[in-house]
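# Understanding the architecture of this molecule
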Amino acid sequence: MNIFEILLLPLFAVVLLMLPVVYILKKKKSNSAAKKAFIVNLCSFFAVLALAVIFPVGGFVNAEVVEAVSDSIGNAGIGYLAAALSVGLGSIGCGIAVGSAAPAAIGAVAEEPKSFSKALIFVALGEGVALYGFLISFMILNAL
């Protein structure tokens, strides 16, 4: 393998995929510019994907490497990874849910104080997502 296959081709792919995002961050124009940048990003992604299929860059992973990694990691390593993913993704989902529900709940309580219990339920439902992630991770860790 030469230097082009190892370093420059993946770097070129990442730069090609990041160009529309840089364009939006620099310009900060209207929604049509964001929509146009998203379409360009999507088209460039599929172009890179097509180029990867047409010109495969191989030799990075082979059967010997996969066996060596699976022997060193084992089932416990995959279990720890699954537990970490369940907590992490559950917490991200909780943050998104509470981030959108809490301001609406505060606004509703400010207009009508009797709606406090209903608003609290909606915020607690969002926080439940993180608790489910913790429960699943504990179940995974107990199974190891």
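Residues numbered from 1 in each chain as written. Predicted model: local features only at pLDDT ≥ 70, side-chain atom pairs only at ≥ 80, totals over all residues. Heavy atoms only, no water.

## A closer look at the confidence of the model for the chain
Segments scoring low in pLDDT should not have their predicted coordinates read at a detailed level. Predicted confidence across the chain gives a mean pLDDT of 79, with 81% of residues reaching 70 or more. Confidence, read as mean pLDDT per element, is least for helix α1 (residues 3-27) in the chain (70) and greatest for helix α4 (residues 116-143) (90). (pLDDT = per-residue confidence, 0-100. Helix = DSSP H or I, 4+ residues; strand = E, 2+ residues; numbered from the N terminus.)

## Things to note about a nonpolar patch on the surface
On the surface, Ile-73, Ile-78, Leu-81, Leu-85, Leu-89, Ile-92 and Ile-96 cluster together to form a nonpolar patch covering roughly 700 Å² of accessible area. Relative to the helices and strands, Ile-92 resides in helix α3 (residues 63-111). (Patch = residues over 30% accessible without salt bridge, like charges linked within 9 Å, V, L, I, M, F, W, Y side chains within 5 Å. Areas by Shrake-Rupley, 256 points an atom, 1.4 Å probe, with all protein chains shown as cover. Salt bridge = Lys/Arg side-chain N within 4 Å of Asp/Glu carboxyl O.)

## Regarding the environment of Val-48
Considering the arrangement of structural elements, one finds Val-48 in helix α2 (residues 31-54). Looking at Val-48, the relative accessible area reads 18%, which means it is buried. Each C-alpha atom, one on Val-48 and one on Leu-16, is 8.2 Å from the other, the two residues being 32 residues apart in sequence. Ignoring anything within four residues of it in the chain, the contact list for Val-48 reads Ala-13 and Leu-16. (Buried < 20%, exposed > 50% of the residue type's maximum accessible area, 1.4 Å probe, protein only. Contact = heavy atoms within 4.5 Å.)

## Regarding the side chain of Ser-86
Assignment of secondary structure puts Ser-86 in helix α3. A distance of 3.4 Å separates a polar side-chain atom of Ser-86 from the backbone oxygen of Gly-133. Every residue in contact with Ser-86, bar those within four places of it in the chain, is listed here: Gly-133, Ile-136 and Ser-137. (Polar contact = N/O pair within 3.5 Å; in protein donor to acceptor, adjacent residues only side chain to side chain.)

## Describing the side chain of Ser-137
When you line up the elements, Ser-137 lands in helix α4. Under the relative-accessibility criterion, Ser-137 is labelled buried at 4%. Residue contacts for Ser-137: discarding those within four places in its chain leaves Ala-83, Ser-86 and Val-87.

## Quick word on α4
End to end, α4 covers 40 Å across 28 residues, agreeing with the expected 40 Å (1.5 Å per residue, within 8%). Taken together, the buried positions of α4 are Ala-119, Val-123, Gly-126, Gly-128, Ala-130, Gly-133 and Ser-137. (Expected span 1.5 Å × (residues − 1).)

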